[in-house]
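Topology and contacts: notes
Residue-level listing of the chains:
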Protein chains: 2
Amino acid sequence: MNSAFKPYYAVIFTSIQTETTAGYAEMAQQMEDVAKEQKGFIGIDSARNEIGITVSYWESLDAIQQWKQHTDHLVAQQKGIKNWYAYYNVKICKVEREYSFKERF
Amino acid sequence: MNSAFKPYYAVIFTSIQTETTAGYAEMAQQMEDVAKEQKGFIGIDSARNEIGITVSYWESLDAIQQWKQHTDHLVAQQKGIKNWYAYYNVKICKVEREYSFKERF
């Protein structure tokens, strides 16, 4: 932990897919590519088994709001609701503390 | 979104495993079972591909601190560092807003 730690924000997106998967992987990759170009984007982690979890990291709430309203993203959100998701949940979080472990080689 | 929304906390645990997987699944399941019995526990979501993401939700920072120091959990943390994880990162977050979508049947 670092006394100079600067808080940032995480968007935790959890989802359960429908049986319709056509076009999903391409759209997910495209959204990740576009997100990475946004102002205030820090990083993204994704994994999926029964449930999908994508956590994206942002410098500010304003950056998250801008990304939520990005034209390409709005289209993806509509398609997601119409085709791909049986359920999803979005949590906007402030990252307050952080620590890591890395194996020594 | 709800004006009565009560903030709670999320622990985002991301990890990359070593090639040693013996005993890992059993320990992960055991930790989830023990976590669910803790005071202040709300829920947990997990998925793993190249990276593993586990997000657990808690009522307070104190509940997270108690869980971090739980005897069984301390043993698992030691084994994790020694055997199973090449890398992990823990982020303590305050969930400030949340919304969901559920398909209509």
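Presented here is a report on the structure given in the accompanying data block. Note that the structure is predicted; figures quoted are calculated from it, not measured.

What counts and what doesn't
- Residues numbered from 1 in each chain as written.
- Chains lettered and ligands numbered in written order.
- Predicted model: local features only at pLDDT ≥ 70, side-chain atom pairs only at ≥ 80, totals over all residues.
- Heavy atoms only, no water.
- Axes fitted to C-alpha atoms, helices over the stretch in contact; angles between N-to-C directions.
- Helix = DSSP H or I, 4+ residues; strand = E, 2+ residues; numbered from the N terminus.
- Parallel < 35°, antiparallel > 145°, perpendicular 65-115°, else oblique.
- Left-handed = near helix turned anticlockwise from the far one by under 90°.
- Contact = heavy atoms within 4.5 Å.
- Least-squares fit on C-alpha atoms with pLDDT ≥ 70 in both.
- Expected span 1.5 Å × (residues − 1).
- Buried < 20%, exposed > 50% of the residue type's maximum accessible area, 1.4 Å probe, protein only.
- Arc of directions from axis to C-beta.
- Pairing = 2+ DSSP bridges.

1. Describing the packing of helix 1 (residues 24-36) of chain B against helix 3 (residues 71-84) of chain B
All names here are of chain B. Helix 3 packs onto helix 1 with a crossing angle of 155° between their chain directions and a minimal axis gap of 11 Å. Between helix 1 and helix 3, the angle falls in the class roughly antiparallel. For the element pair helix 1 and helix 3, the recorded crossing hand is left-handed. Contacts between helix 1 and helix 3 involve Tyr24, Met27, Met31 and Val34 from the former and Asp72, His73, Ala76, Lys79 and Trp84 from the latter.

2. Overview of the relation of the copies chain A and chain B
Relating one copy of the chain to the other takes a rotation about an axis and a shift parallel to that axis. When chain A is fitted onto chain B, the two copies agree to an RMSD of 0.0 Å after a turn of 180° and an axial shift of 0.0 Å. Within this description, the copies of the chain are treated as partners about a two-fold rotation axis. Interface overlap between copies: 100% of the residues of chain A at the interface are likewise at the interface in chain B, consistent with a symmetric, same-surface contact.

3. Observations concerning helix 3 of chain B
Residues and elements named next belong to chain B. The end-to-end C-alpha separation of helix 3 is 19 Å, in line with the 20 Å expected for 14 residues at 1.5 Å each. Among all positions in helix 3, only His73, Ala76, Gly80 and Trp84 are buried. On an axial view of helix 3, the arc spanned by its buried residues comes to 55°, and they lie on one face. Of the exposed residues in helix 3, the ones pointing more than 90 degrees away from its buried face are Thr71, Gln78 and Lys82. In the core, the buried residues of helix 3 are packed alongside strand 1 (8-17), helix 1, helix 2 (61-68) and strand 4 (85-102).

4. Regarding the sheet that holds strand 3 (residues 52-58) of chain B
Taken in spatial order, the eight strands of this open sheet run 2(A)-3(A)-1(A)-4(A)-4(B)-1(B)-3(B)-2(B), and their pairing is antiparallel. With one partner strand each, in any of the chains shown, strand 2 (41-48) of chain A together with strand 2 (41-48) of chain B form the two edges of the open sheet. For this sheet, the mean inter-axis angle between neighbouring strands, taken without regard to orientation, is 25°. As paired elements, strand 1 (residues 8-17) of chain A and strand 3 (residues 52-58) of chain A share seven bridges and run antiparallel to each other. By the bridge assignment for strand 3 of chain A, A:Val11 is matched with A:Ser56. Sitting on the sheet, helix 1 (residues 24-36) of chain A is in contact with strand 1, strand 2, strand 3 and strand 4 (85-102) of chain A, with an inclination near 160° to strand 2 of chain A.

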